[in-house]
Amino acid sequence: MKASRFWAWLTFALGAAYFFIPLIATLEFSLRMRRGEYSFDAYRVVLGDMRFQETFAYSTIVACFTIVIGVLLVVPTAYWIRLRMPWIRPVVEFITLLPLIIPAIVIVFGYIRMYGSNSPLPFLATTRGTDVLLMIGYATLALPYMYRAVDTGLRTIDVRTLTEAAQVHGAGWTTIIARIILPNVLIAVLSGAFLTFAIVIGEFTMASLLNRPAFGPYLQNIGANRAYEPAALAVIAFAITWGCMSVIQVLSRFAPKSANNPN
Amino acid sequence: MSETFLSIQGVRKSFGQTTVVKDFNLDVARGEFVSFLGPSGCGKTTMLRTVAGFEEPTAGRIMIGGKDVTQLKPNQRNIGMVFQAYALFPNLTVAQNIAFGLKVAGAPKAEIDRRVEEMLGIIKLAEYGSRYPYQLSGGQQQRVALARALAPKPKLLLLDEPLSALDAKVRISLREEIRAIQKKLDITTIFVTHDQEEALSMSDRIVVMYDGKAEQVGTPFEIYNRPATKFVANFVGTLNVLDGTVIDPATATVRINDRDVSLKKGALNGAKAGDVLSLALRPEAIVLGKQDGRDTSLGGQISDVSFLGSVIRVRVGLGKHAVSLDTFNSPASPPPVVGEQAEISFSSSDLLVLH
């Protein structure tokens, strides 16, 4: 074996060990609830807990709405920038990166001050309003991932020519986006959607400070008071994230192929 | 010319300080095939995009079928267009691509199906309706693009260098196919190309463009044989340019390489004795040696011989000039040899004075 290959494999093995050993340890620990033997008791307790079901269902619904907000916001924006305003792209990329730089706690305190019951937009005055604000907040947190995923998808197609071809055949903007652009970047949109889902499912700060019954605060609460269940929840959370990533991989096989890039 | 269908009146298009199309005027008859021919950057594609509605003219107006469409959006003009890069929708099958315009227009399903079948027949891809664009060759994709453009029965067909991305053999067969379909459907067509052979072989008329202006508008025969400007003469076909000094304006006599040559009356266009004119001569107007009916001959030396298959291109040095001429390849006679003395002859009436 060449020296360079040895070091490459060693680095890979160390990285894999760093990642997998804690995961395996967590999995192993989550199975030791019953004294002296392995069992799925911790998983049974967690999955049977009404609060788990309620918070997970709440976060799933919020994630779905967040994805819809993200798609409606990002797809037309990224499309229009590619088509008509390419010079503004660096500015928009910087804006979409801001949620990575500004901590979620700063954003949520800003929301609380801006959208309290005395403000002109009193989102926080009602439960439904707070849910909407939480979804908007999540859409903001997911913006860096959603924007990049969609922009990368748009890069693989000739946006301008396809738009013009559709226009000259009588299509208006809604038809162009719904029937030509969106289907051709669908895999990219789905990638962004699953990343958004993974972010929303585990998010703690915003949901906790806005006092919503989301999965993230539930995870934290269980972790503070139980021994084996938090480990089982961590494994479940990993499984959900990996499941999302696997779905992205499977769906990418069905991506529309171009003449230039048939595979 | 019969009834004008497309009328481009005084169109100017500027991007910032740069004017790309300058005072462009053209009337196109119904069913006519007109090519915009010119080098890159001459404004031909911008002019086509202005007709399509993708660019708004800075000045002037565009009429289609007697209606002013200058302010209409592309999707309101009832135009079909074929793009250089095919621009087929990758997520739709061939049949769905062809049906796109009809679906957008809200045509009934039965009519869409019938029209798609008809178009697949016209482009000879009847078996390919369920395939996706990436499963077709470049030539097939461009035929589908043509069918998609024609399916909604547009009033005007615009072709933006549709053959440029194809290999030479496919290009020739497809240009014949496009022309045959255009004639069959009798659809008014504007074709943009930088390939003179395409323009000459396909068009009813050619607009030679240079620097945003129409240098000359005419039939392929007129453009090739009677170029109006030096640019047209140089751009269309191969051209030999000889300097001729005016000896006697009254008899239109000029001197080329110490040989006096009489041109057609009026050819000097007001030039005075002593003026030096640029005289153009097509390679096919020159023969090696003397030949009956050719009144002028000049002596020189063969400087280059290029074998082009059925034709041999010979370059002959004539003092400070050199001219190219074509002779047919004959297996029975050997090709000319570089360095040999040679005499060329031509008809003085074939000389064009370039202005």
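Once a new chain begins, its residue numbering starts again from 1 and follows that chain's sequence as written. Naming scheme: in the order in which they are written, chains are lettered from A and ligands are numbered from 1. Local features are withheld for residues below a pLDDT of 70 in this predicted model, meaning they are given only at 70 or higher, and side-chain atom pairs are given and counted only at 80 or more; totals for whole chains, interfaces and linings count all residues.

Novice: Looking at this structure, I do not really get the overall build of chain B. What am I missing?
Specialist: Counting secondary structure elements, chain B contains eight helices and 20 strands. With the principal axes as the frame, chain B shows a C-alpha extent of 75 × 50 × 35 Å. Any residue with 12 or fewer other C-beta atoms within 10 Å of its own C-beta is exposed, any with 20 or more is buried, and the rest are partly exposed; the C-beta atoms used are placed from the backbone. Of all 355 residues assigned to chain B, the portion counted as buried reaches 41%. Contacts spanning at least 24 positions in sequence make up 65% of the contacts within chain B whose residues lie at least 6 apart. Helix and strand assignments come from DSSP, with helices taken as H or I runs of at least 4 residues and strands as E runs of at least 2, each series counted from the N terminus. Two residues qualify as being in contact provided that their C-beta atoms, derived from the backbone, are within 7 Å of each other.

Novice: How should I be thinking about the sheet that holds strand E4 (residues 59-64) of chain B in this particular structure?
Specialist: Strand pairing in a sheet relies on backbone hydrogen bonds, with the paired strands running either antiparallel or parallel. All names here are of chain B. What makes two strands pair is DSSP finding at least two bridges between them. If you walk across this open sheet you meet the four strands as E2-E1-E4-E5, and the pairing is antiparallel. At either end of the open sheet lies a strand with only one pairing partner, and these are strand E2 (18-29) and strand E5 (67-68). Alignment of strand E1 (residues 4-15) against E2, held across eight bridges, turns out to be antiparallel. Pairing of lysine 13 across the sheet is with valine 21, part of E2.

Novice: So what exactly am I meant to see when it comes to the interface of chain A and chain B here?
Specialist: For an interface, size is often stated in terms of accessible area lost upon the parts coming together. Each partner contributes to the interface: chain A provides 21 residues, whereas chain B provides 23 residues. Of all the elements in the fold, those that place two or more residues in the side of chain A that touches chain B are helix H7 (159-168) and helix H8 (173-184) of chain A. Looking at which element gives the most residues to the side of chain A that touches chain B, the answer is H7(A), with six residues. Three classes are used, and their members are as follows: Ala, Val, Leu, Ile, Met, Phe, Trp, Tyr, Cys and Pro are nonpolar, Asp, Glu, Lys and Arg are charged, and the others, Gly among them, are polar. Looking at the side of chain A that touches chain B, its residues break down into 10 nonpolar, eight polar and three charged.

Novice: Before we go on, may I ask you to explain the environment of A:Asp41 in this structure?
Specialist: Residues and elements named next belong to chain A. Structurally, aspartate 41 is set in helix H2 (residues 41-48). Separated by 176 residues in the primary sequence, aspartate 41 and proline 217 have C-alpha atoms spaced 22 Å apart. Among residues more than four places away in sequence, those in contact with aspartate 41 are Met33 and Arg34.

Novice: Any chance you could explain the pairing of strand E9 (residues 205-210) of chain B here in plain terms?
Specialist: It is a general feature of regular strands that their side chains alternate between the two faces of the sheet. All names here are of chain B. Here strand E3 (residues 33-37) runs beside E9; their pairing, made up of four bridges, is parallel. When the bridges of E9 are listed, serine 35 appears paired with isoleucine 206. In this sheet, strand E10 (residues 213-218) lies alongside E9 in antiparallel orientation, the contact comprising five bridges. The residue of E10 that forms the bridge with valine 207 is valine 217. Between E9 and E10, which pair antiparallel and follow one another directly, the connecting turn spans two residues, one of which, aspartate 211, has a positive phi of 55 degrees.

Novice: Even after reading the chapter, I still don't get the pairing of strand E13 (residues 259-262) of chain B, so can you show me in this structure?
Specialist: Residues and elements named next belong to chain B. The sheet contact formed by strand E12 (residues 253-256) and E13 spans four bridges and is antiparallel. Note that in E13 the partner of threonine 253 across the bridge is serine 262. Hairpin connection, E12 to E13: the antiparallel pair is bridged by two residues, and asparagine 257 has positive phi, about 50 degrees.

Honestly, it's all geometry; don't read function into it.
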